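So the chains spell out like this:
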Amino acid sequence: MPEKIKIIINDKEYEVRPNQTIMQAADGVGFHLPRLCYHPRLSIEGACRVCIVEVEGMRNFVASCAYPIHDGMKIRTNTDELRRARRDIVELILDNHPTDCHTCVRDGNCELQRLAYAMGIRKRHFEGEKKNYEKDISSTAVVRDPNKCILCGRCVRICSEVQAVTNLGFAHRGFKTVVMPAYNLPFSDTVCSTCGQCINVCPTAAFIEKNYTQDVFAGLSDKNLIKIAQVAPSVRAAIGEDFGLSAGRNMEKETAAALRKLGFDYVFDTQFSADLTIVEEASELVHRIKTKGKLPMITSCSSAWMKYMEQFFPDLIENISTAKSPMSMMGAMIKTYFAEKIKADPKNILSVAVMCCTAKKYEAARPELLIDGIRGVDYMITTREASWMMKSAGIDLVNIKGEEFDEPLGMSSGAGTIFGATGGVMEAALRTAYELYTGKEMPDLDIKAVRGLKGIKEGSVMMGDMELRVAVAHGLGNAAKLLQEVRKDPNKYHFIEIMGCPGGCVGGGGQPYVGLNSVPLDENLLKKRAEALYSSDKNKSVRKSHENPDIKKIYKEFLGEPLGERSYKLLHTHYKQHYPQGIISGEERCQGPFDGKR
Amino acid sequence: MEKDNTAKIKELRDYIGSIKTTEHRDSYLIAVLHKAQDLFGYVSQEVMDEISLSMSIPTAHIWGVVTFYHYFSLLPKGKHAISVCMGTACYVKGAEKILKAIKEHLKIEIGQTTTDGVFTLQEARCLGACGLAPVVMIDEKIYGNVTEKNAVSILKEHSRLK
C-alpha cells in the first residue's frame with residue numbers, strides 16, 4: 001500500500017494519507033466541511049447529511065463523514081448546487097425546531113444557530129410541524145427537552161460509546177422518533193449517571209443542566225443569610241473561555257473577586273477541601289494496607305462515578321473509599337467548623353458550590369450527606385451557570401482585579417489543585433500516602449505515569465519495600481473496562497482512581513460550551529485546561545495536602561485525627577446498590593476517549 | 001396466572017439460553033422479542049427487563065427496537081384479535097363503515113383492547129380473500145361479505161363459540 005494517495009479537491013491536487021474519510025482528508029488540507037451529527041470521538045452516524053460533497057462519477061451527493069477516499073478521487077466541496085442543498089437540509093431541520101432562539105438558554109452558543117448562519121439561511125421558505133413533548137425535569141441534574149432535539153444522536157452515542165451507560169436510545173420511528181431512556185422513564189428513575197456529557201455534546205438545548213441560578217440570586221438578596229461560595233479547581237481553568245479568553249487561562253483570583261461582587265460574603269476554595277479529602281483518603285489507603293482491609297481501594301470523589309458504581313458495579317461497594325468528595329467535605333466544614341467560628345446558626349448559611357460538574361447537583365441532594373438534618377451544599381451551579389450569573393450582573397471577569405480566597409477554608413496545596421485533571425487525585429493521594437506509610441519524603445513529587453489523556457493509565461510506586469500498583473481511568477467507559485479487569489483479578493491493583501468524565505473534571509458536564517473553532521471534548525482543549533492546573537501546582541510552595549498549614553490547623557482545632565471519630569462523622573459517607581441495575585454492553589467495543597485511533 | 005407466567009419466563013430463558021453459544025448474540029434480539037410476544041401476547045416492561053439481564057443488552061436499546069416495529073405490542077392483547085381488512089377491494093366495498101360500527105360497538109379505537117379483555121381491534125392490509133370482500137378476520141377465522149349490520153353479530157357469535 002502506498003504511503004500517500006492523491007485526491008483532487010476543487011480542481012487542486014493533494015497528497016493525503018489513505019484510509020481516511022473524505023471529511024478527515026478535507027480537514028487535513030484546510031477545508032472544514034460543515035457538519036452536525038459527526039463527532040471525532042464517536043461512531044459515524046451519517047444522519048444529518050449536512051457534510052455532503054460532490055464526488056465525480058457518483059450519482060448523488062455523498063456524506064463526507066462516512067465515505068472513504070481512494071486514489072484519484074475527484075471531490076468538490078463548494079459548488080452552487082451543494083451550497084443550495086446544504087442550506088435546504090439545515091432549513092428543513094429548522095422547520096421542525098422551535099423558533100424561540102432569543103429566549104433559549106443556548107442562544108449565542110448553539111451549533112444549529114451557527115450552522116444556519118454559515119449556510120446562509122436568511123429567509124425561511126417552509127413552515128414545518130413542531131414537536132410537542134413535555135420537558136423531563138425529574139432529575140436533580142439533567143433536563144431533557146425533546147422539542148429542541150434534532151436527532152443527531154450524539155448524546156445517544158456518547159452515553160453508550162464513551163460513558164458505557166446507555167441510558168439513551170432512539171424510540172419510535174419517523175417524525176415521531178424521540179431520544180429517551182428505556183420505557184420513557186423519568187430521568188430520575190433511570191441509570192443516568194448525571195455526568196452531563198449529553199449536555200456537552202448536544203448541539204442545541206435538548207439536554208441542559210437543571211438551572212439553579214434564580215434560587216441562588218434569591219438567596220443572595222436575602223439579608224438574613226450568610227452567603228458562602230466554594231469554587232472547584234477546574235472552574236478556574238475553564239471559566240475564562242465563557243468570557244472569550246483562550247483555553248488554559250487560570251482565573252482563580254478573578255473568580256474569587258467576581259463571586260464576592262455577586263454578593264457572597266465568603267468565597268472558599270474547594271481545593272482546600274480537596275486537601276482534606278486527600279488526607280482522609282490517603283490515611284484510609286494506608287490503614288487498609290496495614291490492616292489487610294479490602295483492596296484495591298477506589299476513589300469516590302466523582303459523583304457521576306458514584307452513581308454509576310451503585311448501579312453498574314454494586315459488587316465493588318466495599319472497595320470504594322468512604323471519604324466524601326471535596327465539595328461535600330467543604331459543605332460539612334462550612335456548616336459546622338466555620339459556623340462555629342463565626343457563631344452563626346448553620347440554618348442561616350447559604351452554601352453554594354460552583355463546580356465544573358452536573359453530577360454534583362445530584363450529589364448535593366443525596367440524603368446520606370445531610371449533617372444533622374441540613375444540607376452541606378444548598379445549591380450547586382455549573383461553570384456555565386456561574387459565568388451567566390456574572391454576565392447577568394454585569395461583572396467583567398476579564399478586567400476585574402483579582403482577590404484571594406477567604407480564610408480559614410481558602411488555602412490549598414498543589415495536590416489539591418490537580419484534583420481537576422485525570423490522574424490528579426491519584427498523584428495527590430500518593431504524595432501523602434507515601435509519607436504516611438514510609439515516614440519519609442517522596443523523592444519526586446511529579447508522578448508522570450498517571451498524567452495525560454490516555455484512557456487507562458497504570459503505574460507503580462515503591463513505598464519502602466512495598467510496590468504499590470495503581471491504575472487511573474477517566475470516562476465511565478474506560479472505568480467499566482478497568483473494573484471488569486478488577487472483577488477478574490482483584491489483586492492486580494492496590495489503588496484506583498476513577499473520574500466519570502473524559503479528561504477528569506476539566507472535561508466535566510458543567511464546563512463552558514466550546515467556541516467556534518473547536519468541538520466538545522477536544523483533546524487539546526482538555527490538555528490546556530489541565531495544564532493550567534499542573535502549572536499552578538508546580539508554582540506552589542506547599543505541594544502536599546498534609547503540609548497545608550490550614551489543614552493542620554483544622555485537625556488541631558476541630559477534627560482531631562484523620563479517620564478519627566469526628567472526621568468519620570463529618571467527612572465520610574456510605575453507598576448502597578441502586579436500581580434499576582445497569583447493563584454494560586460490549587465494553588470491549590466501547591471507544592474510550594483518546595485511546596486508539598478514530 | 002402467576003404460575004403460568006413462571007413457566008413462560010422459564011421457556012423464554014431457555015430460548016435465550018439456547019442461543020448463548022452462537023456468534024453475534026445481540027442480533028438475536030428481534031427473534032427473542034418475537035418469542036416473548038408469542039408467549040405473553042405482548043412485551044411488558046418486566047419481560048424487557050428479563051431479556052436485558054439475560055442477554056446483557058441495555059433496556060434503552062431494547063425499548064428502541066420494540067417501539068420501532070409496529071408488530072410488537074406494549075399492551076396486553078384481548079382474548080380475540082379482530083382484524084378489519086382495509087385493503088383496496090374491502091375498502092371500496094365499505095370496510096371503513098364496518099370498522100366504524102365495530103369501534104362504536106366495542107367503544108375502542110384501533111390498537112386498543114376492550115376493558116373486559118375480550119377483543120383487540122386492528123387494521124389489516126389485504127388478507128388475500130378479496131373475493132369475499134369486505135372481510136373481517138377474528139383470530140384465525142375469515143368472515144366474508146360483512147356488512148355494517150352483521151358485523152356486531154359476528155363478534156358475538158365468534159366469542160360465544162370459542
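What counts and how
Residues numbered from 1 in each chain as written. Chains lettered and ligands numbered in written order. Predicted model: local features only at pLDDT ≥ 70, side-chain atom pairs only at ≥ 80, totals over all residues. Helix = DSSP H or I, 4+ residues; strand = E, 2+ residues; numbered from the N terminus. Buried ≥ 20, exposed ≤ 12 C-beta atoms within 10 Å, placed from the backbone. Contact = placed C-beta atoms within 7 Å. Core = buried A, V, L, I, M, F, W, Y, C linked by C-beta atoms within 7 Å. Domains from an automatic or database assignment. Nonpolar A, V, L, I, M, F, W, Y, C, P; charged D, E, K, R; others polar. Pairing = 2+ DSSP bridges. Axes fitted to C-alpha atoms, helices over the stretch in contact; angles between N-to-C directions. Parallel < 35°, antiparallel > 145°, perpendicular 65-115°, else oblique. Left-handed = near helix turned anticlockwise from the far one by under 90°.

A. Main features of the overall build of chain B. In terms of regular secondary structure, chain B is built from seven helices and four strands. Secondary structure elements of chain B occur, N-terminal to C-terminal, as α-α-α-α-β-α-α-β-β-β-α. A buried classification covers 27% of the 162 residues belonging to chain B. Pairs at least 24 apart in sequence give 59% of the contacts found in chain B among residues at least 6 apart.

B. Spatial organisation of the nonpolar core. Within the largest apolar cluster, 193 residues are counted, with the highest numbers of intra-cluster contacts made by C155(A), C198(A) and V354(A). I82(B), C90(B), A95(B) and L99(B) belong to the second largest nonpolar core, which has 17 residues in total.

C. The arrangement of the domain arrangement of chain A in detail. Residue and element names in this part refer to chain A. By the assigned domains, chain A splits into domain 1 (5-78), domain 2 (142-213) and domain 3 (214-571). Here domain 2 and domain 3 have C-alpha centroids that lie 26 Å from each other. Element by element, the count of residues in the side of domain 2 that touches domain 3 is highest for helix α5 (residues 197-201), at four residues. When the residues that make up the side of domain 2 that touches domain 3 are grouped by side-chain class, the tally is nine nonpolar, eight polar and three charged.

D. Representation of the sheet that holds strand β4 (residues 141-143) of chain B in the model. All names here are of chain B. Strand order in the open sheet formed by four strands is β2-β1-β3-β4, with mixed pairing between adjacent strands. Every other strand in the sheet has two partners, leaving β2 (119-124) and β4 as the edge strands with one partner each. Each strand of the sheet is rotated relative to its neighbour by a mean of 25°, with strand direction disregarded. As judged from the three bridges shared by strand β3 (residues 136-138) and β4, these two strands associate in the antiparallel manner. What sits directly across from V136, in β4, is Y143. Sheet contacts for helix α6 (residues 95-106): β1 (80-85), β2 and β3; angle to β1, the most-contacted strand, approximately 150°. In this fold helix α7 (residues 148-161) packs onto β1, β2, β3 and β4, with an angle of close to 20° to the strand it touches most, β3.

E. Examining the environment of Y555(A) more closely. All names here are of chain A. Structurally, Y555 can be placed in helix α18 (residues 549-559). Y555 sits 83 residues away from V472 along the chain, and the two C-alpha atoms are 29 Å apart. Residue contacts for Y555: discarding those within four places in its chain leaves G560 and E561.

F. Just the interface of chain A and chain B, in detail. Contacts between the two partners involve 13 residues from chain A, matched on the other side by twelve residues from chain B. When the residues that make up the side of chain A that touches chain B are grouped by side-chain class, the tally is seven nonpolar, five polar and one charged.

G. Local environment of the environment of K103(B). All names here are of chain B. Here K103 is to be found in helix α6. Residue class for K103 comes out partly exposed when judged on the 15 C-beta atoms lying within 10 Å of it. Once the C-alpha coordinates of K103 and Y69 are considered, the two residues, 34 residues apart in sequence, prove to be 24 Å apart.

H. Spatial organisation of the pairing of strand β17 (residues 495-499) of chain A. Residue and element names in this part refer to chain A. Buried residues dominate β17, accounting for five of its five residues. Relative to β17, strand β12 (residues 297-298) runs parallel, the two sharing two bridges. Across the sheet, M297 pairs through a bridge with F495, a residue of β17. Inspection of the sheet shows strand β16 (residues 466-474) paired to β17 by five bridges, in the parallel sense. Within the sheet, the bridge partner assigned to V470 lies in β17 and is F495.

I. Highlighting the pairing of strand β5 (residues 73-76) of chain A. All names here are of chain A. Across the two faces of β5 the burial differs, with M73 and I75 buried and K74 and R76 not buried at all. Of the strand pairs in this sheet, strand β1 (residues 5-9) and β5 are connected by three bridges, and their pairing is parallel. Looking at β5, one finds that I7 is bridged to M73. As judged from the two bridges shared by strand β3 (residues 52-55) and β5, these two strands associate in the antiparallel manner. Bridge pairing in β5 links E54 to R76.

J. The arrangement of the packing of helix α10 (residues 303-312) of chain A against helix α16 (residues 476-488) of chain A in detail. Residues and elements named next belong to chain A. Put simply, α10 and α16 touch, their axes get as near as 11 Å, and they point 45° apart. Judged on the interaxial angle alone, α16 and α10 are oblique. Viewed along their axes, α10 and α16 form a crossing whose handedness is right-handed. For the pair α10 and α16, the contacting residues are A304, W305, Y308 and F312 in the first and L476, A479 and A480 in the second. Considered class by class, the residues forming the contact of α10 with α16 number seven nonpolar, no polar and no charged.

K. Structural detail: the sheet that holds β1(A). All names here are of chain A. Taken together, five strands build an open sheet; the order of strands is β2-β1-β5-β3-β4 and the sheet is mixed. Strands at the two margins of the open sheet, each flanked by one partner only, are β2 (12-16) and β4 (62-63). Alignment of β3 against β4, held across two bridges, turns out to be antiparallel. Looking at the pairing, I52 lines up with A63 of β4. The sheet contacts of helix α2 (residues 80-95) involve β3 and β5, and relative to β3 the element is tilted by about 150°.

L. Spotlight on the domain arrangement of chain B. Annotation of chain B at the domain level lists domain 1 (2-68) and domain 2 (80-161). Placing a centre on the C-alpha atoms of domain 1 of chain B and another on those of domain 2 of chain B gives a separation of 31 Å.

M. Looking closely at the environment of F405(A). All names here are of chain A. Positionally, F405 belongs in the loop between α13 (383-392) and α14 (414-417). Residue classification places F405 among the buried residues on the basis of 23 C-beta atoms within 10 Å. Once the C-alpha coordinates of F405 and A257 are considered, the two residues, 148 residues apart in sequence, prove to be 8.5 Å apart. Filtering out sequence-adjacent residues up to four positions away, F405 remains in contact with A256, V267, F268, D269 and G410.

N. How the structure looks around unusual backbone geometry. Note that the residue after E407(A), namely P408(A), is joined by a cis bond; omega there is 5°. Relative to the assigned elements, P408(A) resides in the loop between α13 and α14. You will see that T166(A), though not glycine, has its phi angle at about 50°, which is positive. Of note, T166(A) is situated in the loop between α4 (154-162) and β7 (169-171). For T166(A), a count of 24 C-beta atoms within 10 Å gives the class buried. Although it is not a glycine, K107(B) adopts a positive phi angle of roughly 60°. Summarising the element assignment, K107(B) is placed in the loop between α6 and β2. For K107(B), a count of 9 C-beta atoms within 10 Å corresponds to the exposed category.

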